[in-house]
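Residue-level listing of the chains:
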2 protein chains.
Amino acid sequence: MAIIPILGLIIGLLGLLYAVYLARWVLSQDPGNEKMRFISNAIATGARAYLFRQYRTLAALLVVLAVAILAAIDIPRGLPGLTALGFVVGALGSMLAGYLGMYVTTRSASRVAQAAASGGMGKALQVSWRAGAVMGLSLASIALMLISGFYLIFSRITAEWAVPLVALGFGASLVTLFMRVGGGIYTKAADLGADLVGKIEAGIPEDDPRNPGVIADNVGDNVGDVAGMAADVYESYIVTVTASIFLAYILGLPSTYIKGIILFASLALLATFVGINSLRTKGVKNPMGSISTAVYVTIAVSIILFFVGALALGLPFVQAIAMASAVSLGAIIAPLVVKITDYYTSYSYSPVRRIAEQAKISPATVIITGYGVGLMSAVPVLLVIIGVLGISYIIGFYAFSSSITAGFASYGPYLAGIFGTALASVGLLIIAGIIITADSYGPVSDNANGVVEMAGLPDNVREVTDVLDSIGNTTKATTKGYAIASAALAALVLFIALMFEIMRSLSTLLHQPFTSLLGTSISEISIINPNVLIGAFIGVIIVYFFTSRTLGAVGRTAMEIVEEIRRQFKEKPGILEWKETPDYARVVDIATRRALGEFLLPGIVVIVVPLVTAFVLGWQALAGLIMGAVISGVPRALLMANAGGAWDNAKKYIELQGLKKTELHKAVVIGDTVGDPFKDTSGPSLNPLIKVLNTLSVVFAFAIILANTHMGIALSGLLHF
Amino acid sequence: MAIIPILGLIIGLLGLLYAVYLARWVLSQDPGNEKMRFISNAIATGARAYLFRQYRTLAALLVVLAVAILAAIDIPRGLPGLTALGFVVGALGSMLAGYLGMYVTTRSASRVAQAAASGGMGKALQVSWRAGAVMGLSLASIALMLISGFYLIFSRITAEWAVPLVALGFGASLVTLFMRVGGGIYTKAADLGADLVGKIEAGIPEDDPRNPGVIADNVGDNVGDVAGMAADVYESYIVTVTASIFLAYILGLPSTYIKGIILFASLALLATFVGINSLRTKGVKNPMGSISTAVYVTIAVSIILFFVGALALGLPFVQAIAMASAVSLGAIIAPLVVKITDYYTSYSYSPVRRIAEQAKISPATVIITGYGVGLMSAVPVLLVIIGVLGISYIIGFYAFSSSITAGFASYGPYLAGIFGTALASVGLLIIAGIIITADSYGPVSDNANGVVEMAGLPDNVREVTDVLDSIGNTTKATTKGYAIASAALAALVLFIALMFEIMRSLSTLLHQPFTSLLGTSISEISIINPNVLIGAFIGVIIVYFFTSRTLGAVGRTAMEIVEEIRRQFKEKPGILEWKETPDYARVVDIATRRALGEFLLPGIVVIVVPLVTAFVLGWQALAGLIMGAVISGVPRALLMANAGGAWDNAKKYIELQGLKKTELHKAVVIGDTVGDPFKDTSGPSLNPLIKVLNTLSVVFAFAIILANTHMGIALSGLLHF
């Protein structure tokens, strides 16, 4: 019954064809006048140059890791290089996702600007939406094809196909981590540097072509927001789906469950075709309403298809309904998390208004209040995560217990419950196509807005792209909430999967049956084991170190850019009088060099520390480490993303009231600037960070247990009971 | 062999007598001229009024809780009200500690100012140090006497004396929590309000008597920094020592171990007498050096006494040496944590200088960089905590295993290790007398500085009190690091104690022997139990909610104070020209009313949420909750305290370079203002928060297990395995 993975391949291919069709349509639009094309090209060239340099820098690290995986996992386990292969393909997929995102948006910006000029709101919305859809469709299709294809091939080659499948996720999340960090440093340092000297010191507007940092700033939007977010969601998709398949595998569930997961992913992609096509653009006044409707349509169609598909799978009725319900639960919470994020970050509601009100007192109270809003915003999202965890667990507990193999003894219903949670996380991620469409639309509009400004197009054009841009800000902020919530669920599923992979490795290496090890292993990772507690603090240390380094990198890089822009203004006074051309390339070069210089260390720490912890203190400490990182990383990601979004919109709210150039505006601009690296560098990097820790551990679990059991290291034996 | 607790009572009494002697000496000093006495009185009156109103507000809550403890614990367990009594006495002790701290410092300020005027640096240092010593000695003596006395009496009345002893800690930490929150909101809102209008808008210096908020600001220093920190360290002392005694009790260790803990505490107090007396004041140029020496002397003498005392206890040689080593390890890390904090928060080192450098770019990068420094500062402190945990565990593992009763089967060595960690935490806390002496010295100098400014004393006097004040800032910051590290260790010990109290309650209520429950109970709180994970996220939610509320409260209260001060300046223009007297009392009243209005909700959440979680989701979720709160709360407390301290000193660094009234100065002032509620409201409140969660759970453990086992609530049965 290889029909379902083959169906996954076919629907994925259809998605790619649809993306190609839309891409051709977008590229056939008028790219505008020569100036617009020139600007557009400068941005595209800078972004591509950065991305390729980043990939080259990464290549060495990836080769080292691939060899390590080959030596430590594939060879000892007798797998013909499959784990290393999975890792490499996953990594290349992330790179491709980032490149595609960048390619489409940089080419669409001038076309959206031209569409706004010639066809108004409806036309501009259509072009930017379709450009976003190229991204959304490509990512979801590539991810679906990779998973279906690998499952189809690997499961035919070896019974040990599941770890290589997770390696796909490891490769994807590792590259994403670096793209998030490097791109995040680039985009915010360039933004900060350009704004500080341009807007505040020289008093010229944002995106003004006289600013030597303006091209770097726009390049940054593409390498950070677009390529970064594309890779992030692609990575979450791969990790979640492979983790759930892995869990089903390790629990010995019938293969129908695994095929069900692939089927649901295929059906969600079909529903995405419908959703993308359903966008109303003609005579639209409120584009946000149209976009929300398209998202809801996708979710509704998906849910119907989930139930139909589940019943067609051939599972007993109760299991089929339970499977569809758990997956639907995940799909439904997406809009819920989006609403919560919207409440805390949009100026239509009281939290952002309270921040804006504090501008009457001082920038300091703007910061304090915004930070408080960020903290509070994590509360309802965490409650949603807890709720999904509880409900999906209960669904699984009642429905799937009978399908768990007898080997798990009394733990059967518990494991069935965890599989319920895995299905919910799948439901949240497989609708990623439409979410990314709505998200990519944001940076496309942002860039279009930049082109309008730099090319000096008339005010009425600017008004159209301004509306699109501000909606883009909202979809960007809410997608972050979605990505974090999905990362949290994915991490929980992966975490359980990891524990069972460890027990399985123990069972193999100690030549003891799985069942007899289960009880001991579970109590070994009790939270009163000092080793687990030490591990948990190490997990927190990783999160804190990582966040501190990335924040500091933005400050350091921005400082160099500020000095360069100040130097250019000083040495070429003609720039501000439009008489001299600024040296854009130099700022692009500084941002590129510094971002790449800063992005390796935190990433390497994330790889080395867990492995050293596991080898020296044992797998129990590693379990604690991952839990500590999830417990501290997820809320911190929410705090940083939402505080940043709230400060951004508090500024917009003050601007809307016509209070630009007042003390109040200065106060909220400071808040916005603080929020920039929070929401676009450190915060979003925590997503792939958590998943790298998890997938890395699953991939290396066998080697860790080998070391733990054979080397009998003093500490790892002493600190646990 | 009641001799050791009686010795504890005697040495405690000696400590109190020494404190009375020093207090009389301080009060016999010249309180200065009439204006100085007037200012001093106004501050003392405002502080006392606030403290009493706060205590009255708390009274109702304490009565309700005492009755709840009586009904849910004492009556079902047949204890004659001992748990409720312990709770009430612990709470009253906290109130007394706060009051004493406030009493001494408010009365010393004008005397230190006068000493600086008449006798210069040496004399001023002597007066302020002895004022601080009154506090340090009183707190340590009261805590030691309470613990010794309660142990002596309770252990004669009932075999179930240990939970009532922990109730002492619960009372202490609960009152401290409210004092930290209320006082923290008061002090920072008043500070912020007074500074924003006074320094920034009206352009008058800090502590200028024309500012209507100036008395409220000084009152705030006393109710927040002094009363709050006094209660905090008193509470940590009680909780740590009682938790360690509780652990020894529940592990069935011979009573010699328990008496050893009390003996060590008594000896540390003796060493503190020596340390306090060792301060060199004559002709001192660098008071910081003198203070550090006094602290080192105390620690060195303590360690010698620990080894002598341990050998005199009658334990086998190895155990005696191990006990003294574990306790000494705790005492030694105090200066280590102090050094780390100093590195990240003093302007002599690169982190603070990097923050100051960012002032060249913008206030926003000052905030970003300072936040990054705060994050990074948590890393080495957490490493120290991990190190102590590991080393003390290993000491205990090897030395005490043979003393653990056979009932714990193979878990014996593990529990012996945990007891080693408990001893280390005791070592860290029992030297609190000297730490508090050095700490209280800070606010005394700060207030003296205020008196000098407001009374218009000459510049050379101001120079002396300025030096003392800036050293006071350092000791204040480093004491926070000490308090957090000790809270982390205390929480870990309490956490293990709680788990065993739960198992003991289970054993009583299920009529099953302890041993047979041990394995199951330990695996029930495995980190892969979804119930534990849900609990952990609830723990994080509490920390985030609490921090957000307290930060928000400062903003809201400051806003009202700003409006009041602006109103006074507007309605009475004579104030700024020295022609009219500002209405100080009104600002004091606003700060009092608002702080008390804001302080109940977060505190009640901390009590209600864990109990509801435990009753609905079971004790496993409660275990997760506490771990989640510790894992996220401890690093957050470090982040907030140290980022705040670093911003503060970045401002001082800029000022030292003579850059006041520049754009650079404005930028660092914004950083300092953001840091204020970080370091003095939200950050320090997290210490008692963590301990309230822990002690509350220990006290109510029996009732929770009763509900869990008899009510068989659906979720609590379903979600664990």
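Note that the structure is a prediction, hence the values are computed from the model and not measured. (Residues numbered from 1 in each chain as written. Chains lettered and ligands numbered in written order. Predicted model: local features only at pLDDT ≥ 70, side-chain atom pairs only at ≥ 80, totals over all residues. Heavy atoms only, no water.)

**Looking at the interface of chain B and chain A**
Here is step 1: Facing 84 residues of chain B, the contacting portion of chain A comprises 84 residues.
Here is step 2: Per-residue buried area on chain B facing chain A is highest for I528, F537 and Y544 of chain B; these three make up 11% of the total on that side.
Here is step 3: For the pair chain B and chain A, the number of links is zero salt bridges.
Here is step 4: It is helix α15 (residues 530-571) of chain B that provides the largest number of residues to the side of chain B that touches chain A, a total of 21 residues.
Here is step 5: When the residues that make up the side of chain B that touches chain A are grouped by side-chain class, the tally is 63 nonpolar, 15 polar and six charged. (Contact = heavy atoms within 4.5 Å. Buried area = accessible area lost by both parts, 1.4 Å probe. Salt bridge = Lys/Arg side-chain N within 4 Å of Asp/Glu carboxyl O. Helix = DSSP H or I, 4+ residues; strand = E, 2+ residues; numbered from the N terminus. Nonpolar A, V, L, I, M, F, W, Y, C, P; charged D, E, K, R; others polar.)

**As for the pattern of salt bridges**
Here is step 1: Tallying each qualifying case throughout the model produces 58 salt bridges over all chains.
Here is step 2: Between K691 of chain A and E235 of chain A there is a salt bridge, and its shortest N-O distance comes to 3.2 Å. In this pair, K691 of chain A is assigned in helix α19 (residues 663-711) and E235 of chain A in helix α5 (residues 214-250), connecting sequence segments 456 residues apart. In this structure, K691 of chain A and E235 of chain A share a single accessibility class: buried.
Here is step 3: Here E160 of chain B makes a salt bridge to R504 of chain B, at a shortest N to O gap of 3.4 Å. With E160 of chain B in the loop between α3 (82-157) and α4 (162-202) and R504 of chain B in helix α13 (residues 459-510), this residue pair connects regions lying 344 residues apart in the sequence.
Here is step 4: Taking the relative accessible area as the measure of exposure, R504 of chain B reaches 15% and is therefore buried.
Here is step 5: Residues joined by salt bridges that share partners form a network here, namely K188, D191, K480, D648, K652, D676, K679 and D680 of chain A. (Buried < 20%, exposed > 50% of the residue type's maximum accessible area, 1.4 Å probe, protein only.)

**Notes on the relation of the copies chain B and chain A**
Here is step 1: Between chain B and chain A, which share one sequence, the superposing operator has a rotation angle of 180° and an axial displacement of 0.0 Å; the RMSD is 0.0 Å. The symmetry that links the two subunits is that of a two-fold axis.
Here is step 2: With an isologous cut-off of 70% or more, the 100% of interface residues of chain B that recur at the interface of chain A puts this contact in the isologous class. (Least-squares fit on C-alpha atoms with pLDDT ≥ 70 in both.)

**Here's the deal with the packing of helix α16 (residues 584-617) of chain B against helix α17 (residues 619-656) of chain B**
Residue and element names in this part refer to chain B.
Here is step 1: In the contact formed by α16 and α17, the axes pass within 6 Å of each other and the chain directions differ by 145°. Judged by residue contacts, P610, T613, A614 and L617 of α16 engage W619, Q620, A621, L622 and L625 from α17.
Here is step 2: Across the contact of α16 with α17, the residue classes tally to seven nonpolar, two polar and no charged. (Axes fitted to C-alpha atoms, helices over the stretch in contact; angles between N-to-C directions.)

**Quick look at the environment of G390 of chain B**
All names here are of chain B.
Here is step 1: Within the secondary structure, G390 sits in helix α10 (residues 363-399).
Here is step 2: Under the relative-accessibility criterion, G390 is labelled buried at 10%.
Here is step 3: Separated by 156 residues in sequence, G390 and F546 have C-alpha atoms that sit 31 Å apart.

**With respect to the confidence of the model for chain A**
All names here are of chain A.
Here is step 1: Taken residue by residue, chain A gives an average pLDDT of 89. The fraction at 70 or more is 98%.
Here is step 2: For chain A, helix α20 (residues 714-718) is the element with the lowest average pLDDT, namely 52, and helix α6 (residues 255-277) is the one with the highest, namely 96.
Here is step 3: Overall fold confidence for the complex sits at a pTM of 0.94, while the interface term, ipTM, reaches 0.93. (pLDDT = per-residue confidence, 0-100.)

**Considering the packing of aromatic side chains**
Given two aromatic rings, their pairing is described by the distance between the two centres and the angle made by the two planes.
Residues and elements named next belong to chain B.
Here is step 1: Per the stated rule, a full pass over the model turns up 46 aromatic pairs over all chains.
Here is step 2: With 5.6 Å between their ring centres and 90° between their planes, Y18 and F273 make a pair best called edge-to-face. Residue Y18 is found in helix α1 (residues 3-27), and its partner F273 is found in helix α6 (residues 255-277); the two are separated by 255 residues along the sequence. Assigned by exposure class, Y18 and F273 land together as buried.
Here is step 3: Ring geometry for Y343 and Y349: centres 5.3 Å apart, planes at 50°, overall tilted.
Here is step 4: What makes Y343 partly exposed here is its relative accessible area of 33%. (Phe/Tyr/Trp six-rings, centres within 6.5 Å; stacked < 30°, edge-to-face > 60°.)

**Overview of the side chain of D672 of chain B**
All names here are of chain B.
Here is step 1: Structurally, D672 can be placed in helix α18 (residues 663-711).
Here is step 2: The class for D672 is buried, based on a relative accessible area of 8%.
Here is step 3: Residues contacting D672, with those up to four places away along its chain left out, are W647, D648 and K651.

**Remarks on empty space enclosed by the protein**
All names here are of chain A.
Here is step 1: A full pass over the atoms with the stated rule returns 15 cavities of 30 Å³ or more.
Here is step 2: Its volume calculated, the largest cavity comes out at about 110 Å³.
Here is step 3: Around the largest cavity, the lining residues are T345, N473, K476, A477, K480, A641, N642, G645, D648, N649 and K679.
Here is step 4: Every element with two or more residues in the lining of the largest cavity is listed here: α13 (459-510) and α18 (619-656).
Here is step 5: Element by element, the count of residues in the lining of the largest cavity is highest for α18, at five residues.
Here is step 6: Its residues assigned to classes, the lining of the largest cavity shows two nonpolar, five polar and four charged. (1 Å grid on protein atoms, 1.4 Å probe; cavity = no way out; pocket = protein on both sides within 12 Å on 5 of 7 lines; lining within 4 Å. Points joined across faces, edges and corners; volume = space filled by probe spheres on them.)

**Here we look at helix α1 (residues 3-27) of chain A**
Here is step 1: An ideal rise of 1.5 Å per residue puts 36 Å on 25 residues; α1 of chain A measures up with 36 Å between its terminal C-alpha atoms.
Here is step 2: Considered for burial, the residues of α1 of chain A that qualify are I4, P5, G8, I11, G12, G15, Y18, A19, L22, W25 and V26 of chain A. (Expected span 1.5 Å × (residues − 1).)

**Considerations on a nonpolar patch on the surface**
Here is step 1: A cluster of nonpolar side chains, I6, I10, L13, L14 and L17 of chain A, forms an exposed patch at the surface whose accessible area comes to about 450 Å².
Here is step 2: Here L14 of chain A lies in helix α1. (Patch = residues over 30% accessible without salt bridge, like charges linked within 9 Å, V, L, I, M, F, W, Y side chains within 5 Å. Areas by Shrake-Rupley, 256 points an atom, 1.4 Å probe, with all protein chains shown as cover.)

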